[in-house]
Amino acid sequence: MLFNSLEYLAFLLLVAAVSWTLPPRFRWVWLLAASWFFYASYGPPYLVLFVANTLVAYLAGLGLGRAQSPRARRLIAVGGVGVLFSTLFVFKYLDFCLRSLKAVLAVAGIRTHLPLARLALPVGISFYTFQAVAYVVDVYKRRFDVERHPGIFALYKAFFVQLVAGPIERPHRLLPQLRAPRAFALDRIVTGASLVLWGLAKKLVLADRLALYVNEVYGHPSHYHGLPIILATYLFAFQIYCDFSGYSDIALGSARLLGYELMQNFDRPYLSCSVREFWTRWHISLSSWFRDYLYIPLGGNRVSRVRAQLNLMIVFLVSGLWHGAAWTFVAWGALHGTYLLVAIWTQGLRARIASALRLDRVPRFHTWLQRVVVFHLVTFAWLFFRARGFDDAWLLLKRAGDVRWSWSAALPRGITGYEFGVGLIGIAALKAMHLWQNCANTADFLHSRARPVRWALHYVTVASILLFGQFDLTEFIYFRF
Amino acid sequence: MQAESTAPRPVRRAPWAPPCFFLGLGLLVWGLYWLGKPHYADEDLRSDLQKVRDLEEARAVVVGASHGKGVDLEQLGLEGQNLSHNGQDLFEMAYIARSASERAPKLETVFIALSYFTFAFDNAADDRRGVRDRIGRRIEMYSAFPRAAFIPGDHAEYAKGLLYPVVTRDHFRHGFERNARRLWRFFTGGETRGGRRTPARSAAAARPEAPRAAPPASAETPPDPAEDEGLDDPEPGDDSAGGTETDPPPSNDPTDEPPVAAGTKRERPSTKAHTQKNEAWYARHAAGRCRQYARLMDSMRAHHPNLERDTYNELVGLVHALEAKHISVVLVTPPYLSVYSACFDARMQRITRTNALRLTQTTGARYVDLSTDAAFTNKQGFFVDSDHLRQNGKNVLAQKLAQALHLR
């Protein structure tokens, strides 16, 4: 059941309507049943694995609550996290490791036959595994009390609005809300509906439209050169943003319709002035997870300078690998890690250049210059993220240099100037909105505007979905992670 | 650094606000409908909607691709509607037939036109480099024949069909272009070259997958969206397109009949171009069609595994459903010129006949195969092109059907 389907909208309305009519203390039963049903709609076998994952995290939490000695606690925590990560490894990375090992052995002249497991990747396994690990670690570190209610804990793991692609909710944010549901508030419902609408517009009008262009070019890299490849890479930057942030908006909006508040996952990342800032605005729930559960445990920046930089690189390599079991994702992560290291190394030099160019006298221009540079760095890295493999990435890079400046050459097969123009206007409208809004959440920003402005924007959003929406029911990109 | 979400700031509410908001929303949708209707509710759709209204009295209906238009119910002495559409696949036939059976209380007979390609055709499965060229035609189908069901996998087209013409397959492009021109004329008081389009051309132009006929005759004529869809179908092979000896081989979307308004009984005027159609012209036409069908069937088979099995099962299900309502089913393979049958995939011809005969043995359906009937196969005068009958051909087909079914 995709967030951009009519089934989901009907399901959400039904769940919300019934949920609000139930007494608060029974609400979790209904929401848990709905969440498991939602997840089972992707395939009942996945649900079995998911429930097992929930059980492991729950039992580990209970064990940590009872164990007194530090050694026993550490044993339970390591055991719990180990089981959770090993499940993720088997389903997501086993074949990748076997293929890589085979390739390495082949280079060394050793021919082996390593049978692949060929397991189907359960939907959202990376997300819910990280959520479970966050809970076990938080309980182990005594940052959060054990959740003893199995139903509430199961709902924390299964809450359908954030189950398959996040945000990766931390226990201290979501569990208290599930224990004590909030009272009905019309403002929350209105902003929730507004967020769902805004997210749908991002997905249907922009992401899925841009996908037509991007898929054609990246699907047939040998057919294109120059402008289409460059444009497709820029468009992919917006496609993936609209796709994932659209999903997150729908998730946040759906949660608000049910009376819950999820964490903001995006904050206009393409307005970042540095790659470091980009990572505080892009997929915030994941980057903060890596900060809290990997970077800081590795020592963070409270170690030697070299070690801190190594930690940074490790975090980005693992982050790349988290996105997918392929070396292109590792390269994408490595590229971002490199950006950050280079930024650290050249901090003084850049400051001197800025001073020499008197950029401090034109701070707005300086800010925009930084934004443009960061956007281009990030967009270049997306090429590795989107390419089907290193061969394709290399081919795209090679062919991108052969630019022929003609309008007709810019349009790949099957894409009209009209469709392309609508996409560009959509991107311009999105950027204008981002520059206008003064907070991360578009719906909250709109809610604070005068009624005529608010309504007009809602009407424009509805009209743009109706007129320009791609209703081909395409999956969200992050569903495959 | 984590951007914490903020709870929405309470805003002073007015009790009139929600009704007014939704009223505005309704007005918006109505406005879009009003703006889009002249361009999207075209002749074909209006004709379909009228046929749906007239189903109340229908005793027979015909479903099928453009070849099904050869079955003239009036000539057969049956009151009913011909619901054939260009390029209709079996899933669409079943959907339309089921829709008709729900709306026609007096329905006794359903004619199902089985073309050679019928069992290897699924408009949802045609995919050319990631673009599903033919799926859009289902939007109009769902709009004209709404039911509380859709062909599996057609969620999007069903939703669009229910909202049509607010939601269109060309994303309102024609609506914008035409309305912009209207607005321009309103302010400038100017006339466009060539005046208004004729309804027939209007219908063809507004329908994105309409055959590409002559170049736009006026500035008012919008570009053919078939171009947008990347269709490289050959140009029309009908009278209106010329078809002289020196013309390039006639070739349109093979599933599209020449643009003749549905239900018209007139003979085509015997133009000079028409009289110059000869054996070579028909042979070229047939070759073009066969080539295009082969490409379409290959693409559809590639994107719909077990297509031939699924189409057969769909037909079996339809026949059973109709017979459960005491509606008799007549399967008809219409007549073609021999050049057409000669070049069409022999395996598919065999499958069509085998499946139809198998169905007659397991159900009460009757099968009339006129595809190689000697009364037609070499009579070019009966045909507009190699596979579509002219009115005199339809009259003879009606006689043959009446004899076979003992209708007279």
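Because the structure is a prediction, the values reported are computed rather than measured. (Residues numbered from 1 in each chain as written. Chains lettered and ligands numbered in written order. Predicted model: local features only at pLDDT ≥ 70, side-chain atom pairs only at ≥ 80, totals over all residues. Heavy atoms only, no water.)

### Some thoughts on the overall build of chain A
Helix and strand counts for chain A stand at 20 helices and zero strands. Relative to the 2.2 N^0.38 estimate, which gives 23 Å for 481 residues, the radius of gyration of chain A is 23 Å and therefore close to what a compact globule would have. Principal-axis analysis of the C-alpha atoms gives chain A an extent of 65 × 65 × 50 Å. Evaluated residue by residue, chain A yields a buried proportion of 57% over its 481 residues. Within chain A, residue pairs in contact and separated by at least 24 positions form 76% of the contacts whose partners lie at least 6 positions apart. Carbon and sulfur atoms make up 67% of the accessible area of chain A, which totals about 20300 Å². Looking at chain A, you have 49 positive and 23 negative side-chain charges, and the mean spots of the two groups are 8 Å apart. (Helix = DSSP H or I, 4+ residues; strand = E, 2+ residues; numbered from the N terminus. Rg over C-alpha atoms; globule rule 2.2 N^0.38 Å. Buried < 20%, exposed > 50% of the residue type's maximum accessible area, 1.4 Å probe, protein only. Contact = heavy atoms within 4.5 Å. Areas by Shrake-Rupley, 256 points an atom, 1.4 Å probe, with all protein chains shown as cover. Lys, Arg positive; Asp, Glu negative; His and termini not counted. Charge placed at Lys NZ, Arg CZ, Asp CG, Glu CD.)

### Some remarks on the state of the cysteines
Note: disulfide means a covalent bond formed between the sulfur atoms of two cysteine side chains. Residue and element names in this part refer to chain B. Considering all chains together, one arrives at one disulfide over all chains under this definition. Through a disulfide, Cys290 is tied to Cys343; the S-S separation comes to 2.0 Å. Here the disulfide of Cys290 and Cys343 is right-handed, its torsion about the S-S bond being about 60 degrees. Note that Cys290 is positioned in helix H10 (residues 279–303) and Cys343 in helix H12 (residues 338–343), a separation of 53 residues in sequence. A relative accessible area of 9% places Cys290 in the buried class. Looking at Cys343, the relative accessible area reads 34%, which means it is partly exposed. (Disulfide = S-S within 2.5 Å.)

### Brief notes about the side chain of Ser272 of chain A
All names here are of chain A. Of note, Ser272 is situated in the loop between helix H9 (227–257) and helix H10 (275–281). A relative accessible area of 0% places Ser272 in the buried class. In this structure the side chain of Ser272 is engaged in a polar contact, spanning 3.4 Å, whose partner is the backbone nitrogen of Phe278. Those residues within four positions of Ser272 in sequence are excluded, and the remaining contacts are Glu277, Phe278, Arg281, Gln370, Arg371 and Val374. (Polar contact = N/O pair within 3.5 Å; in protein donor to acceptor, adjacent residues only side chain to side chain.)

### Describing the domain arrangement of chain A
All names here are of chain A. For chain A, the assigned domains read domain 1 (7–182) and domain 2 (188–480). Computed from C-alpha atoms alone, the centre-to-centre distance between domain 1 and domain 2 is 26 Å. In this assembly, 43 residues from domain 1 lie in contact with 37 residues from domain 2. When the two sides are added together, the surface that domain 1 and domain 2 hide from each other amounts to roughly 3300 Å², 66% of it contributed by carbon and sulfur. Considering only the side of domain 1, the residues that lose the most area to domain 2 are Phe96, Phe130 and Arg170, jointly responsible for 18% of the buried surface there. Here domain 1 is connected to domain 2 by one salt bridge. The partner of Asp292 in a salt bridge is Arg170, and the shortest N-O contact between them spans 2.9 Å. (Domains from an automatic or database assignment. Buried area = accessible area lost by both parts, 1.4 Å probe. Salt bridge = Lys/Arg side-chain N within 4 Å of Asp/Glu carboxyl O.)

### Quick notes on the packing of helix H11 (residues 284–295) of chain A against helix H12 (residues 305–323) of chain A
Residues and elements named next belong to chain A. Axis separation between H11 and H12 bottoms out at 11 Å; the angle between their running directions is 130 degrees. On the basis of the axis angle, H11 is oblique to H12. For the element pair H11 and H12, the recorded crossing hand is right-handed. For the pair H11 and H12, the contacting residues are Leu286, Phe290, Leu294 and Tyr295 in the first and Ala308, Asn311, Leu312, Val315, Val318, Ser319, Trp322 and His323 in the second. For the contact of H11 with H12, a count of residues per class yields nine nonpolar, three polar and no charged. (Axes fitted to C-alpha atoms, helices over the stretch in contact; angles between N-to-C directions. Parallel < 35°, antiparallel > 145°, perpendicular 65-115°, else oblique. Left-handed = near helix turned anticlockwise from the far one by under 90°. Nonpolar A, V, L, I, M, F, W, Y, C, P; charged D, E, K, R; others polar.)

### Quick look at the sheet that holds strand S4 (residues 328–333) of chain B
All names here are of chain B. Taking strand neighbours across the sheet as the criterion, the five strands line up as S2-S1-S3-S4-S5 in an open arrangement whose pairing is parallel. What marks the edges here is a single partner per strand, and that holds for strand S2 (80–82) and strand S5 (366–369). Within this sheet the neighbouring strands show an average axis-to-axis angle of 15 degrees, counted without direction. With five bridges joining them, strand S3 (residues 109–113) and S4 adopt parallel strand pairing. Counterpart to Ile112 in the pairing with S4 is Leu331. Along the sheet, helix H13 (residues 346–362) makes contact with S4 and S5, crossing S5 at roughly 150 degrees. (Pairing = 2+ DSSP bridges.)

### Notes on helix H11 (residues 307–324) of chain B
Residues and elements named next belong to chain B. Helix length check: H11 (18 residues) gives 25 Å between terminal C-alpha atoms against 26 Å at 1.5 Å per residue, within 8%. Where H11 is buried, its residues meet helix H3 (90–103), S3, H10, S4 and H13. Trailing H11 by a residue or two, His326 shows a phi angle of about 60 degrees, which is positive. (Expected span 1.5 Å × (residues − 1).)

### Quick notes on the nonpolar core
Of all hydrophobic cores here, the largest spans 221 residues; its most connected members are Tyr8, Phe38, Tyr39, Tyr270 and Trp382 of chain A together with Ile112 and Leu331 of chain B. At 16 residues, the largest contribution of residues to this core is made by H9 of chain A. When we break this core down by domain, the ones giving at least three residues each are domain 1 (7–182) and domain 2 (188–480) of chain A. Residues in contact with Ile112 of chain B, not counting those within four places in the same chain, are Val63, Met93, Leu315, Leu318, Val329, Val330, Leu331 and Val332 of chain B. Counting 24 residues, the second largest nonpolar core, distinct from the first, contains Phe111, Trp281, Ala375 and Ala398 of chain B. (Core = buried A, V, L, I, M, F, W, Y, C linked by side-chain atoms within 4.5 Å.)

### Section: the pattern of salt bridges
Side-chain pairs of opposite charge can arise whenever the charged atoms involved come near each other. Residues and elements named next belong to chain B. All chains considered together, the criterion is met by 33 salt bridges over all chains. Residues Glu102 and Arg147 are paired through a salt bridge, measuring 2.9 Å at the closest nitrogen-oxygen approach. Of this pair, Glu102 sits in helix H3 while Arg147 is found in the loop between helix H4 (137–144) and helix H5 (155–163), placing the two residues 45 residues apart along the sequence. Asp154 is the salt-bridge partner of Arg138, the closest N and O atoms lying 3.0 Å from each other. One end of the pair, Arg138, is in helix H4; the other, Asp154, is in the loop between H4 and H5, and 16 residues separate them in sequence. Judged on exposure class, the residue Arg138 and its partner Asp154 are both buried. One connected set of salt bridges, linked through shared partners, spans Asp89, Glu92, Asp122, Arg138 and Asp154.

### Side note on the packing of helix H3 (residues 44–66) of chain A against helix H4 (residues 70–107) of chain A
All names here are of chain A. Relative orientation of the contacting elements H3 and H4 amounts to 170 degrees, with a least axis distance of 8 Å. As the angle between them shows, H3 and H4 are arranged roughly antiparallel. In this structure, H3 meets H4 at a crossing whose hand is left-handed. Contacts between H3 and H4 involve Leu49, Asn53, Val56, Ala60, Gly63 and Leu64 on the former and, on the latter, Arg73, Ile76, Ala77, Gly80, Val83, Leu84, Thr87 and Phe91.

### Overview of the environment of His303 of chain B
Residues and elements named next belong to chain B. Mapping His303 onto the fold places it in helix H10. Taking C-alpha positions, His303 is 37 Å from Ala374, a pair spaced 71 residues apart along the chain. Filtering out sequence-adjacent residues up to four positions away, His303 remains in contact with Ala125 and Asp127. Looking at His303, its side chain comes within polar contact range of the main-chain oxygen of Ser299, at 2.8 Å.

### Considerations on unusual backbone geometry
Note that the residue after Tyr164 of chain B, namely Pro165 of chain B, is joined by a cis bond; omega there is 0 degrees. Examined against the element boundaries, Pro165 of chain B turns out to sit in the loop between H5 and helix H6 (173–188). Of note in the backbone geometry, His283 of chain A takes a positive phi value of approximately 40 degrees without being a glycine. Relative to the elements of secondary structure, His283 of chain A occurs in the loop between H10 and H11. Given a relative accessible area of 1%, His283 of chain A falls into the buried group. One non-glycine residue with positive phi stands out, namely His171 of chain B, at about 55 degrees. Note that His171 of chain B resides in the loop between H5 and H6. The class for His171 of chain B is buried, based on a relative accessible area of 5%.

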